[in-house]
Amino acid sequence: MEPTDVTNPDYYHKVVDCQWGCPAHTNVPEYIRLIAQGRFTDSYWLNRESNVFPGVLGRTCDRPCEPACRRTRIDGKPVAICRLKRVAADLRDPTESRLPEIPKVGNGKRIALVGAGPASLTVCNDLMPLGYECVIFEQLSKPGGLMRTNIPAFRLPGNVLDEEIDMILDMGVDVRYSTPIASLKALLDEGWDAVFIGSGAPKGKNLEIPGRYDSDRVHIGIEWLESVHFEHIDSIGERVLVIGVGNTAMDCCRTAKRLGGKDVRVMARKSKEYFKASEWELADTEEELVEIMENHSPTRFILEDGKLVGMEFELVTWHEGSDGRLRSQAHGTVEIPCDDVILAIGQDNAFPWIERDIGIEFGDWEMPVVDRTTFQTTRDGVFVGGDAAWGPENIIWAVEHGHQAAISIHSHCQRMPVTDRPAHGMNLISQKMGMREWSYSNDYNPAERARMTHIDLRERFRELAVEVELGFDPEQTAREVERCLNCDIQTHFIDYLCIECDACIDICPVDCLTIIGNGGEVELRARLTVPAENLEQDIYVSGALPQTGRVMVKDEDLCVHCGLCAERCPTAAWDMRRFELIIPYAGQASCAVHA
């Protein structure tokens, strides 16, 4: 194998599993270290550089970083990355602001944005400091999109959402509320320099079975949650069935419990291993005594004298067919009484307001064709992001879409190719403080993952807006930050300094180092002290060592970044260097520093 190019930022970035797994590439290890030092304000603003809504996402993120966390390879439980983000947001100095100044004289470019959700807000966050005039057209009376209408206040308090949205709007964004766009053609005819569509996936899926339209007690989940938020609905029947088992279904059933539902059940077509809801959402739902019934496939609504009284379900089992797809087999039916049914079986995009003759191609499922790198449609100057681009995803994905779309919009307005993407940069700085000391905590901490404290079960149902999660207390925070393995502190190797004494190999606690004759990747992986079986993670291969011409090979998947190899090395061939990914945003170039 050729020597590994560690000057490529992607190499060390990929080793930082949590940051690599985050769509917005948030610098997780660094913000956790700042929390450990009590620097909550610094941690918050570091977070905000990439994810824009730390307080919101510290409560609601789908946490793609956590399954990737290296800690899961040790004790099965990731660091509570998401909830530590909330710690920084809750404890920061509320009066301190590091937002960039907005130019007093703009650059003359006008951007129209459809929808005031997280993607559009992120575009404004990135473009306003560059002098753009950003105008958002929002059909509702408040900003936030589905962050506001679909996430109940007991999960996301309104004041947290308002504060972080206001940081962006106070830059001078022009928001025109209660102004739905009925025609994209008409909007384009107004002469905007670019248009961004961040209208979300606002159409809940229906359930076309007998009796669906014979009662007004069957509700579409996202529309029902929106009506609850705007106080158009403040009660529900005692017996409630929620159809579907995604995160929206969990929000619906928990909301129903707070509006008077006493017997609330979630009806799932498949068994638990196929549930779409996050593990923690399911746990919170079951904690509130909501019954989740598996393998119940809805067949009809039951009405008596025009009144909804129940639903009929097939009892099914599932098996894999010859084509690899799951097939169901029915084993009879069951009738379950109810007063209300909430359908939470998914969301669709809806673009009746985009004409089909204005240069925007539509593909499968009547979705506009959007480039996954530039976020531009087939019409120059029209961009799409968030749920509107490829369907429902988490807020953090919408934020990253907004960042990338802002880069494209800036390039488009400056008459540069939108396909020219600014490269990532990096800093790589030694953490050596002495012969055997490093400027980070490198001892392994055996503490178990902290459990989130919840408000008492009896208290949480007294008012819809009572936040259930109370956050970590100082002791929990102190333990949890020490569980982080500091994966951004890289074991940096200088091959010409190595004397092949094997000291690093002898002391490595996970046997991730091997000095060996070079070869092809497949057979080299197999010859390591511990075979490198995770093909998704690279192995490090040094240049030829001066003594024998062999190479130092490191399995990045196993390393726990303890620094023992660097402490033991007599020639300082190993060093512990802090890697910082430099992420380019609209109008900002990246840089690289090595030390």
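Residues numbered from 1 in each chain as written. Predicted model: local features only at pLDDT ≥ 70, side-chain atom pairs only at ≥ 80, totals over all residues. Heavy atoms only, no water.

To continue, consider the overall build of the protein chain. The helix and strand tally for the protein chain stands at 22 helices and 22 strands. Scaling as 2.2 N^0.38, a compact globule of 595 residues should have a C-alpha radius of gyration of about 25 Å, and the protein chain matches this with 27 Å. Judged by the C-alpha coordinates and their principal axes, the protein chain covers about 90 × 60 × 50 Å. For the protein chain, the proportion of its 595 residues judged to be buried stands at 55%. Of the contacts made within the protein chain by residues no fewer than 6 positions apart, 71% connect residues no fewer than 24 positions apart. (Helix = DSSP H or I, 4+ residues; strand = E, 2+ residues; numbered from the N terminus. Rg over C-alpha atoms; globule rule 2.2 N^0.38 Å. Buried < 20%, exposed > 50% of the residue type's maximum accessible area, 1.4 Å probe, protein only. Contact = heavy atoms within 4.5 Å.)

Taken domain by domain, the protein chain consists of domain 1 (110–202 + 349–413) and domain 2 (204–347). Taking only C-alpha atoms into account, the centre of domain 1 sits 31 Å from that of domain 2. Of the residues lining the interface, 14 residues belong to domain 1; the matching set on domain 2 comes to 12 residues. Both faces combined, the contact of domain 1 with domain 2 buries some 1,200 Å², and carbon together with sulfur accounts for 53% of it. The largest per-residue losses of area from domain 1 upon contact with domain 2 belong to T149, N150 and F154, which jointly make up 43% of the total buried on that side. (Domains from an automatic or database assignment. Buried area = accessible area lost by both parts, 1.4 Å probe.)

Moving on, we get to the packing of helix α9 (residues 118–127) against helix α17 (residues 395–413). Taken N-terminus to C-terminus, the directions of α9 and α17 make an angle of 45°; their axes are 7 Å apart at the nearest point. With respect to their mutual orientation, α9 and α17 come out oblique. In terms of crossing hand, the pair formed by α9 and α17 is right-handed. Contact with α9, carried on its side by P118, A119, T122, V123, D126 and L127, involves I395, A398, V399, G402, H403, A405, A406, I409 and H410 of α17 and no other residues of that element. Class assignment for the residues of the contact of α9 with α17 results in 10 nonpolar, 4 polar and 1 charged. (Axes fitted to C-alpha atoms, helices over the stretch in contact; angles between N-to-C directions. Parallel < 35°, antiparallel > 145°, perpendicular 65-115°, else oblique. Left-handed = near helix turned anticlockwise from the far one by under 90°. Nonpolar A, V, L, I, M, F, W, Y, C, P; charged D, E, K, R; others polar.)

In terms of residue burial, helix α8 (residues 81–91) counts as a mostly covered element, since 9 of its 11 residues are buried. Of the surrounding secondary structure, the elements contacted by the buried residues of α8 are α2 (17–21), α3 (28–36), α4 (40–51), α5 (54–60), α6 (65–68) and α19 (474–481).

Turning our eyes to something else, we now look at the side chain of T255. Its location among the elements puts T255 in helix α14 (residues 247–258). T255 sits in the buried class, given a relative accessible area of 2%. When residues no more than four places from it in sequence are discounted, the contact partners of T255 are P152, F154, W224, L225, V228 and L464.

With that settled, the discussion passes to the packing of aromatic side chains. The geometry of an aromatic ring pair is captured by two quantities: the separation of the ring centres and the angle between the planes. Under the counting rule described, the total for this entry stands at 9 aromatic pairs. Three or more aromatic residues joined by ring pairs form one cluster here, namely Y11, Y12 and F579. Directly above the ring of W192 sits R110, whose terminal nitrogen or CZ lies 4.0 Å from the centroid. K270 extends its terminal NZ or CZ atom over the ring of W318, reaching a point 5.1 Å from the ring centre. (Phe/Tyr/Trp six-rings, centres within 6.5 Å; stacked < 30°, edge-to-face > 60°. Lys NZ or Arg CZ within 6 Å of the ring centre and 35° of its normal.)

The next thing to look at is the pairing of strand β20 (residues 551–555). One face of the sheet, then the other: side chains in a regular strand alternate in exactly this way. Among the 5 residues in β20, 5 count as buried, and that is most of the element. Relative to β20, strand β19 (residues 539–541) runs antiparallel, the two being bridged by 3 bridges. By the bridge assignment, I539 is partnered in β20 with D555. (Pairing = 2+ DSSP bridges.)

Should their charged atoms come close, side chains of opposite charge can pair. Taken as a whole and judged by the stated rule, the model has 49 salt bridges. Two residues, D75 and R483, come together in a salt bridge whose shortest N-O distance is 3.2 Å. Within this pair, whereas D75 is found in helix α7 (residues 72–75), its partner R483 is found in the loop between α19 and β17 (489–493), the two being separated by 408 residues in sequence. On the basis of relative accessible area, D75 is assigned to the partly exposed category, the value being 32%. Ionic pairing is found between R92 and E163, a salt bridge with its closest N-O pair at 2.8 Å. Remark: E163 occurs in helix α11 (residues 158–169) and R92 occurs in the loop between α8 and β1 (110–114); sequence separation between them is 71 residues. Accessibility expressed as a relative area gives 7% for R92, which makes it buried. If you follow the salt bridges from partner to partner, you end up with R254, R258, E287, E288 and R460 in one network. (Salt bridge = Lys/Arg side-chain N within 4 Å of Asp/Glu carboxyl O.)

Turning next to the nonpolar core. I32, L84, F493, L513 and W574 are the most contacted members of the largest nonpolar core, which has 51 residues in total. A per-element tally of this core places α3 first, with 5 residues. Setting aside residues up to four positions removed in sequence, L84 forms contacts with Y31, I32, I35, V79, F472, T477, E480 and V481. Counting residues in hydrophobic clusters, the runner-up holds 46 residues, among them F53, I165, V173 and A405. (Core = buried A, V, L, I, M, F, W, Y, C linked by side-chain atoms within 4.5 Å.)

Most of strand β2 (residues 133–137) sits inside the fold, with 4 of its 5 residues counted as buried. Pairing geometry for β1 and β2, over 5 bridges, is parallel. Residue pairing across strands places R110 opposite E133, the latter belonging to β2. Between the parallel pair β1 and β2, the chain is carried across by α9, and the sense of this crossover is right-handed. Relative to strand β3 (residues 174–176), β2 runs parallel, the two sharing 3 bridges. When the sheet's bridge partners are listed, I136 is paired in β3 with V175. (Right-handed = clockwise from strand over helix to strand, strands pointing away.)

An order of β10-β11-β12 is seen for the 3 strands of this open sheet, with the pairing classed as antiparallel. Sheet topology places β10 (296–304) and β12 (326–337) at the edges, where each strand pairs with a single neighbour. Averaged over all pairs of adjacent strands, the angle between their axes in this sheet comes to 20°, without regard to strand direction.

Across a sheet, strands are paired by hydrogen bonds formed along the backbone, either parallel or antiparallel in direction. An order of β6-β13-β7-β8-β9 is seen for the 5 strands of this open sheet, with the pairing classed as parallel. Two strands close off the open sheet at either side, each with one partner strand: β6 (218–220) and β9 (291–293). Averaged over all adjacent pairs, the angle separating strand axes in this sheet is 25°, with direction ignored. Both strand β7 (residues 239–243) and strand β13 (residues 340–343) contribute to a ladder of 4 bridges, which runs parallel. Bridge assignment links I243 to a residue of β13, and that residue is L343. Strands β7, β8 (263–267) and β13 of the sheet are contacted by α14, whose axis makes an angle of about 170° with β8.

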